[in-house]
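Summary of the model geometry
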Amino acid sequence: MGELKQPSTQEVIETGQGAGFATTRLQDVLAWAQKYSLFMYPFVTACCGMEFMAVTGPRFDLARFGAEAPRFSPRQSDLLWVVGTIVQRQAPVLKRIYEQMAEPKWVLAFGTCASVGGFYDNYACVAGIDKIIPCDVYIPGCPPRPEAVLDGLMLLQDKIQSGDRRPAIVKPRFDPVAHPEMGVVTLRRGKDGAPV
Amino acid sequence: MASLLELLKSELGASVLETHAQYGDETAVIAPEAWLAAARLLRDSPKASMEMLVDLTCVDYPDRNPRFEVVVHLLSLSKGHRLRIKCRVGDEDGDDAKIDSLTELWGSANWSEREAFDMFGVQFVGHPDLRRILMYPEFVGHPLRKDYPANKIQPLVPYREEPGLEKLPPFRADEGMPFGRQSFDRVGEDEQPLVATDQERMR
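Below is a short write-up of the structure. (Residues numbered from 1 in each chain as written. Chains lettered and ligands numbered in written order. Predicted model: local features only at pLDDT ≥ 70, side-chain atom pairs only at ≥ 80, totals over all residues. Heavy atoms only, no water.)

**Focus: the pairing of strand E1 (residues 16-22) of chain B**
Residue and element names in this part refer to chain B. Pairing of E1 with strand E2 (residues 25-30), which is carried by six bridges, proceeds in the antiparallel orientation. Its bridge partner lying in E2, Glu-18 is registered against Val-29. Between the end of E1 and the start of E2, which pair antiparallel, lie two residues, with Tyr-23 showing a positive phi angle near 50°. (Pairing = 2+ DSSP bridges. Helix = DSSP H or I, 4+ residues; strand = E, 2+ residues; numbered from the N terminus.)

**Here's the deal with the environment of Ser-49 of chain B**
All names here are of chain B. Along the polypeptide, Ser-49 turns up in the loop between helix H2 (35-44) and strand E3 (52-60). For Ser-49 and Gly-80, which are 31 residues apart along the polypeptide, the C-alpha to C-alpha distance reads 9.8 Å. Contact partners of Ser-49, with chain neighbours within four places excluded, come to Leu-42, Arg-43, Ser-76, Ser-78 and Lys-79. Here the side chain of Ser-49 touches Ser-78 through a polar contact of 3.4 Å, side chain to side chain. (Contact = heavy atoms within 4.5 Å. Polar contact = N/O pair within 3.5 Å; in protein donor to acceptor, adjacent residues only side chain to side chain.)

**Focus on the pattern of salt bridges**
Pairs can form between side chains of opposite charge once their charged atoms are near each other. For the structure shown, the criterion picks out 18 salt bridges over all chains. Among the salt bridges present, the one from Asp-136 of chain A reaches Arg-165 of chain A, with a minimum N-O distance of 3.0 Å. Placement of the pair is Asp-136 of chain A in the loop between helix H5 (111-116) and strand E4 (137-139) and Arg-165 of chain A in the loop between helix H6 (146-162) and strand E5 (168-169), with a sequence separation of 29 residues. The buried category is assigned to Asp-136 of chain A, whose relative accessible area is 4%. Here Arg-165 of chain A falls in the partly exposed class, since its relative accessible area comes to 42%. In this structure, the salt-bridge partner of Arg-88 of chain B is Glu-69 of chain B, at a minimum N-O distance of 2.7 Å. Of this pair, Arg-88 of chain B sits in strand E5 (residues 82-89) while Glu-69 of chain B sits in strand E4 (residues 68-75), and the two are 19 residues apart along the sequence. For Glu-69 of chain B, a relative accessible area of 2% translates into the label buried. Where salt bridges share partners, they join Glu-18, Arg-64, Glu-69, Lys-86 and Arg-88 of chain B into one cluster. (Salt bridge = Lys/Arg side-chain N within 4 Å of Asp/Glu carboxyl O. Buried < 20%, exposed > 50% of the residue type's maximum accessible area, 1.4 Å probe, protein only.)

**Observations regarding the packing of aromatic side chains**
Within this structure, the stated rule accounts for nine aromatic pairs over all chains. By the ring-pair criterion, three or more aromatic residues cluster together here, those being Tyr-123 of chain A together with Tyr-136, Phe-139 and Tyr-148 of chain B. Seen from the ring of Tyr-98 of chain A, Lys-105 of chain A lies directly overhead, with NZ or CZ sitting 4.2 Å from the centre. Its guanidinium or amino end placed over the ring of Tyr-61 of chain B, Arg-64 of chain B lies 3.7 Å from that ring's centre, counting from NZ or CZ. (Phe/Tyr/Trp six-rings, centres within 6.5 Å; stacked < 30°, edge-to-face > 60°. Lys NZ or Arg CZ within 6 Å of the ring centre and 35° of its normal.)

**A short note on the packing of helix H1 (residues 3-12) of chain B against H2 of chain B**
Residues and elements named next belong to chain B. Close contact between H1 and H2 brings their axes to 11 Å; oriented N to C, the two are set at 130°. Here H1 lies oblique to H2, going by the angle between them. Judged by the twist between their axes, the crossing of H1 over H2 is right-handed. Residues Leu-4, Leu-8, Glu-11 and Leu-12 of H1 form the contact with H2, whose participating residues are Ala-38, Leu-41 and Leu-42. The residue makeup of the contact of H1 with H2, split by class, is six nonpolar, no polar and one charged. (Axes fitted to C-alpha atoms, helices over the stretch in contact; angles between N-to-C directions. Parallel < 35°, antiparallel > 145°, perpendicular 65-115°, else oblique. Left-handed = near helix turned anticlockwise from the far one by under 90°. Nonpolar A, V, L, I, M, F, W, Y, C, P; charged D, E, K, R; others polar.)

**Notes on the pairing of E4 of chain B**
Residue and element names in this part refer to chain B. The element E4 is largely enclosed, with a buried count of seven among its eight residues. Looking at chain direction, E4 and E5 are connected through eight bridges and run antiparallel. Bridged to Glu-69 within E5 is Arg-88.

**Describing a nonpolar patch on the surface**
A surface patch of nonpolar side chains, amounting to about 260 Å² of accessible area, comprises Met-52, Val-54 and Leu-77 of chain B. By the secondary structure assignment, Leu-77 of chain B is in the loop between E4 and E5. (Patch = residues over 30% accessible without salt bridge, like charges linked within 9 Å, V, L, I, M, F, W, Y side chains within 5 Å. Areas by Shrake-Rupley, 256 points an atom, 1.4 Å probe, with all protein chains shown as cover.)

**A closer look at helix H4 (residues 91-100) of chain A**
All names here are of chain A. Taken together, the buried positions of H4 are occupied by Ala-91, Leu-94, Ile-97 and Tyr-98. Axial view of H4: buried residues confined to an arc of 130°, hence all on one face. Facing away from the buried side of H4, by more than 90 degrees, are the exposed residues Arg-96 and Glu-99. Next to the buried residues of H4 lie strand E1 (40-44), strand E2 (79-83) and strand E3 (106-110). (Arc of directions from axis to C-beta.)

It is worth stressing that arrangement in space is one thing and function is another; only the former is reported here.
Here you go:
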């Protein structure tokens, strides 16, 4: 029995084959437009900013993914990049900038410090921006490699397309901790807090 | 090279409490009453002519009385020599830590003294604008004192109270951040992770 092969909507649109028209839903089209036209607001506070510049520069070229235009006014931007450590003194500023952004808006935590505070476990720093504002995608790394940032942006685009607002993490493609033959030393602590 | 310490001793006498010199690295501990006079002598005396105050900082020795040690590094640009002077202030609780400000002698003392005040609570008498420089004005206490709780935070913005937020982001060792604050790294599987919640830390 011959199987009827139905081309997907993407194929119909891209190749023009099959039926002469495609049906979709308005929300899908809106999400498609939103994910490829992210206006970004870079909130750069620390050394991760250098890596952010690398990503936006020509070699890795964030513009390929539609996130080309930085807007240095939160009122004109959709995507807030929090790049670097946020200290307690700066937390009201970050919250205010987030509140000034118009819906729909997304937040991307760039690097370990913005995600969980990193090793700045002290009186001065916020242990991750999600303590202050909701966060969509966490990109681990100190700083993250540009590939990880591109992964994070594509992850965010997937989430925009599916309408999923649950936080997501860019997982490393290769985790050295899982490979003991590489000799990576991780500090493990006992009950009293002393290394074991 | 011991001439600087000898100069100080001959001019100030008993106000020089201690001296130390090793490998050309000289230190003098000055009594708090003579602090400003010693600094002025070191700046104006043609033998010393310390034109530059390189650094002013503070050390907390919680077991000592006086508790704080204000440390100043001086440099003579014309003569090319350096000197470290110290002064011990403050009682065991850290109160009454008063010392004369050096801002009238070196402008670079201004922000350094503000930092020492911010971090340790040492009062610099005669400082033109003694207020916090790093921490926010609402901050209570002085964070680099040894008796400030190591994991105490004082947020300006109330933290979000989202259910399950303490689990966000769930960075485990296999997710690339084993050194993060919310580390779930632990020894036995039945033990709780050794991480204070933020509610506990704010108390």
